Amino acid sequence: MKRYLLFAIPLIAFACGKQEIKEPVEYKGPLREVEKMEMFYTENDRVKVKMLADLVYEFQNGDREFPKGIYLEFYDIFGKLESTLKANHAYYFKEQDQWRGRGKVEVKNVAKNEQLNTEELFWKPADQKIFTEQFVTIRQQGDVIYGQGLTAKQDLSDYVITHPEGELEVHE
């Protein structure tokens with residue numbers, strides 16, 4: 001019996017020894033998930049921007065991710081549709097108050113019948129500006145302009161292509 005007791009005491013002591021304490025894992029995923037979102041940004045009781053998204057993730061720091069894409073409509077002060085923006089994936093950076101669209105990004109100026117296409121585009125709502133360093137294509141009535149990099153008003157009414165290329169038809 002003493003033999004078993006002598007064998008059991010070290011075994012019990014070993015089992016009661018230091019237990020490995022694991023640090024809790026901090027959750028960094030979304031706090032909220034919204035499906036089929038339709039949101040309106042207004043100013044002075046007038047709709048300025050209409051936003052549609054199939055899925056939105058909201059994070060603790062205020063950032064938002066739109067993994068299934070986003071669609072935006074921009075309206076002028078009279079409530080008339082000025083332009084639209086579509087992207088396959090979008091992300092809102094709250095700290096910088098800046099949006100990033102990726103994938104097939106498309107901006108249309110309704111009045112001028114112009115369309116911008118690129119793979120990545122940033123939007124600063126406070127400045128009402130869009131910009132990118134990526135390759136861009138702008139389709140105008142009968143012309144196509146392309147190049148690397150762009151800075152523009154959000155409605156695409158005025159823009160500068162950093163390194164433009166393409167052929168333009170000149171009317172005399």
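Since the structure is predicted, the reported quantities are computational estimates derived from the model, not experimental observations.

J.: Hey, could you run me through the overall build of the chain in this one?
T.: Looking only at helices and strands, one finds 1 helix and 11 strands in the chain. Shown N-terminal to C-terminal, the secondary structure of the chain runs as helices and strands in the order α-β-β-β-β-β-β-β-β-β-β-β. The 172 residues of the chain split such that 35% are buried. Taking contacts inside the chain between residues at least 6 apart in sequence as the whole, the part at least 24 apart equals 32%. A total accessible area of about 12,400 Å² is found for the chain, and carbon and sulfur atoms account for 52% of it.

J.: Help me understand the pattern of salt bridges in this model?
T.: Where charged atoms of side chains with opposite charge meet at close range, the side chains can pair. Tallied over the full model, the rule gives 7 salt bridges. Here Glu38 ties to Lys50 by a salt bridge, and the two come within 3.8 Å at their closest N and O atoms. With Glu38 in strand β1 (residues 32–43) and Lys50 in strand β2 (residues 46–58), this pair connects stretches of sequence that are 12 residues apart. With a shortest N-O distance of 2.8 Å, Glu120 and Arg102 are connected by a salt bridge. Linking Glu120 in strand β8 (residues 114–124) with Arg102 in strand β7 (residues 98–109), this pair joins segments that are 18 residues apart in sequence. Of the residues examined, Glu120 reaches a relative accessible area of 13% and is grouped as buried.

J.: Is there a simple way to think about the pairing of strand β4 (residues 70–75) in this case?
T.: The side chains of a regular strand alternate between the sheet's two faces. Burial within β4 is extensive, with 5 of its 6 residues counted as buried. The sheet contact formed by β2 and β4 spans 4 bridges and is antiparallel. Each residue of the ladder has a partner; that of Val49, found in β4, is Phe74. Direction of pairing for β4 relative to strand β5 (residues 81–87): antiparallel, over a ladder of 6 bridges. When the sheet's bridge partners are listed, Tyr71 is paired in β5 with Lys86. The hairpin formed by β4 and β5 contains 5 residues between the paired strands, and Gly79 there has a positive phi angle of roughly 85°.

J.: I would appreciate a short explanation of the packing of aromatic side chains in the present structure.
T.: Each aromatic ring pair is specified by the distance between its two centres and by the angle formed by the two planes. Tallied over the entire structure, the rule returns 8 aromatic pairs. Ring centres of Phe74 and Trp123 lie 5.2 Å apart, and the angle between their planes is 80°; on these two criteria the pair is classed as edge-to-face. Of this pair, Phe74 sits in strand β4 while Trp123 sits in strand β8; the two residues are 49 residues apart in sequence, bridging distant segments of the chain. Classification of Phe74 by relative accessible area gives buried; the value is 1%. Here Trp123 falls in the buried class, since its relative accessible area comes to 7%. Through a chain of ring-to-ring contacts, the aromatic side chains of Phe66, Phe74, Tyr92, Trp99 and Trp123 assemble into a single cluster.

What counts and what doesn't
- Residues numbered from 1 in each chain as written.
- Predicted model: local features only at pLDDT ≥ 70, side-chain atom pairs only at ≥ 80, totals over all residues.
- Heavy atoms only, no water.
- Helix = DSSP H or I, 4+ residues; strand = E, 2+ residues; numbered from the N terminus.
- Buried < 20%, exposed > 50% of the residue type's maximum accessible area, 1.4 Å probe, protein only.
- Contact = heavy atoms within 4.5 Å.
- Areas by Shrake-Rupley, 256 points an atom, 1.4 Å probe, with all protein chains shown as cover.
- Salt bridge = Lys/Arg side-chain N within 4 Å of Asp/Glu carboxyl O.
- Pairing = 2+ DSSP bridges.
- Phe/Tyr/Trp six-rings, centres within 6.5 Å; stacked < 30°, edge-to-face > 60°.

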